[in-house]
Amino acid sequence: MASLQLRLTQPFFSLGRYVMLLAKAFTSLGEFGLYRKNLFVQMVRTGIDSIPIVALAAAFSGAVTTVQTAYQLVSPLIPKSTIGAVVVPSLIMELGAVVTGFILAGRVGARIAAELGTMRVTEQIDALEAMGLNSVGYLIVPRVMAGVLMFPVLYVSACFVGISGGLLAAEISGAVAIGEFIQGARDYYLPFGPYFGLIKSFVFGFVITSISCYMGYFTEGGAEGVGRSTTQAAVISCVYILLSDLVLAIVLL
Amino acid sequence: MIKVEHIYKSFGEKPVLQDVSLTIEEGETLAIIGRSGSGKSVLMKHIIGLLKPDRGRVLVDGTDINAISYSELRRVRQQFGVLFQGGALFDSMNAFDNVAFPLQTFTTKTKDEIRKEVEHCLDVVHLPGVGAKKPSELSGGMKKRVALARAIALRPRYIIYDEPTSGLDPETSNTIDDLIKNLADQLDITSIVVTHDMHSVLSIADRAALIHATRMHWVGTIADLHRSNDAVLRAFVKANEYFIGEPSTPSAARAS
């Protein structure tokens, strides 16, 4: 009975602890001078270091989407420029942000949870607190801020590289001429698309880093606990990326 | 002065501390002893406010640290240096940066002053020239000594040592004990040593406090400890292969 009660209340307990952690993080913003150096370190690790893998994934997503869209357009009545009209908005409004989000959930989310989890089980977080430092401000604020600031940069990079990949695939496969591809993209360009993608990227950056920080910060149980936190950070971040993607689509479109 | 008054702490259903009270006088070295899992480290974490008691108070210089704001608590904590069991050195920094960290964070010293201060602290723990090494390149004893250098960098009034000699060979343990004693004497620091190593207790402590079965079972001076007929205390000391009631030469005993 007690076990069932614990299972039922656990999600509310976790949500409450997550909200309190974020509240503590925001109240420490006044001491940002202490954490500024750490922010730049995290921006490099989260953003700059992720560019190669994000670019690779975006390039292939753009290329594959182009080839598959061309494959599905069998009717001679549909102009080839439609390929550009499908691929470019797809990248800008959905794939650019979501693919980048999944990659960051694995690469950045897992790293954050493993780092903080190891710091927790080796008492490094206790050491920070015992010195009189706000460990949440020092460890979590720079990581979440770096995620929120750098994710849009990665998203924009992913869109550029993805569209370039699509153009390259169109050229190599002969599915559509580059001129037609661009014409299609221009004809069906939605001005709100890039804003929508940018809003998503801010939200995803926050979701991934805050969830991963939460998982790592409250790690329990030694090396096994660090492994569990790392896996959960990546998996739960992905789930919340999909959920927030849907919510944003319903609310903003 | 630190006063722990009737604190209770449970984790889930399991009580860890029950009605524990303790007074730590200015300038003394107090050893908190007890079996592994007896709640010594939990009590230590209460003293610096890393854990909050379910009931009871912890007073540092008359201030109830659980009744003040987080920012006030952090100011109280700056009077403490803590040596954690595994050292708790920051993996991402080398030894020099670990020791420099509190100085860079909490003082307005120049880079040159910080460098001199760090070198002095590393000298105090007999580790000159290891500044460039990462924690992963240091032995267990060296890690603890670097952590001790970090703990004294801000000249704290209180130092808490959590199992300072656990996992160390007898010679290194003696070195750590000597350091603790010297720091207490030279810097006039109040020291709280959480340990189950009776050799350490007898060589460095002025008083000892035994936690047994979640309660404070016995508190007294080292001389009292030698004279005591308390069965639990004697069993604990005997289990450490150390016989009380005889003049102590801890270093020799440990080396034998």
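Refer to the structure printed above.
Residues numbered from 1 in each chain as written. Chains lettered and ligands numbered in written order. Predicted model: local features only at pLDDT ≥ 70, side-chain atom pairs only at ≥ 80, totals over all residues. Heavy atoms only, no water.

**Some points on the overall build of chain B**
Along the backbone of chain B there are 10 helices and 10 strands. In terms of overall dimensions, chain B is globule-like: its C-alpha atoms have a radius of gyration of 18 Å, near the 18 Å expected for 256 residues. Expressed along its principal axes, the backbone C-alpha trace of chain B runs to roughly 55 × 50 × 30 Å. Taking all 256 residues of chain B together, the buried fraction comes to 53%. Carbon together with sulfur atoms contributes 48% to the accessible area of chain B, which is approximately 11200 Å² in total. Here chain B holds 31 positive side-chain charges and 32 negative ones, and the gap between their average locations is 4 Å. (Helix = DSSP H or I, 4+ residues; strand = E, 2+ residues; numbered from the N terminus. Rg over C-alpha atoms; globule rule 2.2 N^0.38 Å. Buried < 20%, exposed > 50% of the residue type's maximum accessible area, 1.4 Å probe, protein only. Areas by Shrake-Rupley, 256 points an atom, 1.4 Å probe, with all protein chains shown as cover. Lys, Arg positive; Asp, Glu negative; His and termini not counted. Charge placed at Lys NZ, Arg CZ, Asp CG, Glu CD.)

**Looking at helix H3 (residues 51–72) of chain A**
Along an α-helix, residues three or four positions apart point the same way, because every turn accommodates 3.6 residues. All names here are of chain A. In a regular helix each residue adds 1.5 Å, so 22 residues correspond to 32 Å; H3 covers 31 Å between its end C-alpha atoms and thus fits that length. Buried within H3 are the following residues: Val54, Ala57, Ala58, Ser61, Gly62, Ala63, Thr65, Thr66, Thr69 and Ala70. In this fold, the buried residues of H3 make contact with helix H4 (82–121), helix H6 (135–173) and helix H7 (178–187). (Expected span 1.5 Å × (residues − 1). Contact = heavy atoms within 4.5 Å.)

**Focus: the packing of H3(A) against H4(A)**
Residues and elements named next belong to chain A. Two elements in contact, H3 and H4, have axes whose closest approach is 9 Å; the angle formed by their N-to-C orientations is 145 degrees. Seen along the crossing, H3 lies across H4 with a hand that is right-handed. Residues Ile53, Val54, Ala57, Ser61, Gly62, Thr65, Thr66, Thr69 and Ala70 of H3 touch H4, and the partners they reach there are Ile83, Val86, Val87, Leu91, Leu95, Val99, Thr100, Ile103, Leu104 and Arg107. Looking at the contact of H3 with H4, its residues break down into 12 nonpolar, 6 polar and 1 charged. (Axes fitted to C-alpha atoms, helices over the stretch in contact; angles between N-to-C directions. Left-handed = near helix turned anticlockwise from the far one by under 90°. Nonpolar A, V, L, I, M, F, W, Y, C, P; charged D, E, K, R; others polar.)

**Here's the deal with the sheet that holds strand S3 (residues 29–33) of chain B**
Residues and elements named next belong to chain B. A sheet is described by the order of its strands in space; here 6 strands give the open sequence S6-S7-S8-S3-S9-S10, paired in mixed fashion. Taken across any chain shown, the strands that pair with only one partner, and hence form the sheet edges, are strand S6 (80–83) and strand S10 (215–221). Taking the axes of each pair of neighbouring strands and ignoring which way they run, one obtains an average angle of 15 degrees across the sheet. When S6 meets strand S7 (residues 158–162), the two strands line up parallel, connected through 4 bridges. In the strand pairing of S7, Phe80 is matched with Tyr158. With respect to the sheet, helix H5 (residues 140–152) is in contact with S6 and S7, its orientation differing from that of S6 by roughly 175 degrees. Of the strands in this sheet, S3, strand S9 (207–212) and S10 touch helix H9 (residues 231–239), which is tilted by about 100 degrees from S9. (Pairing = 2+ DSSP bridges.)

**A short note on the packing of aromatic side chains**
Think of a pair of aromatic rings as described by two things: how far the centres are apart, and how the planes are tilted against each other in angle. For the coordinates displayed, the defined rule picks out 8 aromatic pairs over all chains. On the basis of an interplanar angle of 85 degrees and a centroid distance of 5.8 Å, the ring pair of Tyr18(A) and Tyr214(A) is categorised as edge-to-face. Taken together, the positions of Tyr18(A) in helix H1 (residues 2–27) and Tyr214(A) in helix H8 (residues 192–217) put the pair 196 residues apart, joining distant regions of the chain. There is no split in this pair, since Tyr18(A) and Tyr214(A) are both buried. Judged by centre distance (5.2 Å) and plane angle (85 degrees), the ring pair of Tyr217(A) and Phe218(A) falls under edge-to-face. We note Arg17(A) situated over the ring of Phe218(A); from NZ or CZ to the ring centre the distance is 4.0 Å. The aromatic ring of Tyr8(B) is capped on one face by Arg55(B), whose charged end is 4.0 Å from the ring centroid. (Phe/Tyr/Trp six-rings, centres within 6.5 Å; stacked < 30°, edge-to-face > 60°. Lys NZ or Arg CZ within 6 Å of the ring centre and 35° of its normal.)

**Considerations on the interface of chain A and chain B**
Across the contact, 19 residues belong to chain A and 23 residues belong to chain B. Summed over both sides, the interface of chain A with chain B buries roughly 1700 Å², with 57% coming from carbon and sulfur. Inspection of the region where chain A meets chain B yields 3 salt bridges. With a closest N to O distance of 3.5 Å, Glu123(A) and Lys45(B) form a salt bridge. One can count 6 residue pairs in polar contact (both at pLDDT 80 or more) joining chain A with chain B. Broken down by secondary-structure element, the contributors of at least two residues to the side of chain A that touches chain B are H4, helix H5 (124–131) and H6 of chain A. By residue number, the principal contributor to the side of chain A that touches chain B is H5(A), which donates 7 residues. Class assignment for the residues of the side of chain A that touches chain B results in 8 nonpolar, 6 polar and 5 charged. (Buried area = accessible area lost by both parts, 1.4 Å probe. Salt bridge = Lys/Arg side-chain N within 4 Å of Asp/Glu carboxyl O. Polar contact = N/O pair within 3.5 Å; in protein donor to acceptor, adjacent residues only side chain to side chain.)

**Let's talk about the environment of Phe181(A)**
Residues and elements named next belong to chain A. Relative to the helices and strands, Phe181 is located in helix H7. For Phe181, a relative accessible area of 1% corresponds to the buried category. Measuring from C-alpha to C-alpha, the distance between Phe181 and Thr66 comes to 9.5 Å, with 115 residues separating the pair along the chain. The residues touching Phe181, leaving out its near neighbours within four places in the chain, are Thr66, Ile83, Gly84, Val87, Val88, Gly166, Leu167, Ala170 and Val176.

**What about the sheet that holds strand S1 (residues 2–11) of chain B?**
All names here are of chain B. With antiparallel pairing, 4 strands are arranged side by side in an open sheet as S2-S1-S4-S5. Unpaired on one side and paired on the other, strand S2 (14–24) and strand S5 (63–64) mark the two borders of the sheet. With 2 bridges joining them, strand S4 (residues 55–60) and S5 adopt antiparallel strand pairing. Looking at the pairing, Val60 lines up with Thr63 of S5. The strands touched by helix H1 (residues 40–47) are S1, S2 and S4; relative to S1, the strand with the most contacts, the crossing angle is about 125 degrees.

**Concerning the packing of H4(A) against helix H9 (residues 222–252) of chain A**
The description of two helices packed together rests on the angle between their axes and the distance between the axes. Residue and element names in this part refer to chain A. Between H4 and H9, the shortest axis-to-axis distance is 8 Å and the interhelical angle comes to 155 degrees. Viewed along their axes, H4 and H9 adopt a mutual orientation that is roughly antiparallel. Judged by the twist between their axes, the crossing of H4 over H9 is right-handed. Taken together, the residues of the contact of H4 with H9 sort by class into 13 nonpolar, 9 polar and 2 charged. (Parallel < 35°, antiparallel > 145°, perpendicular 65-115°, else oblique.)

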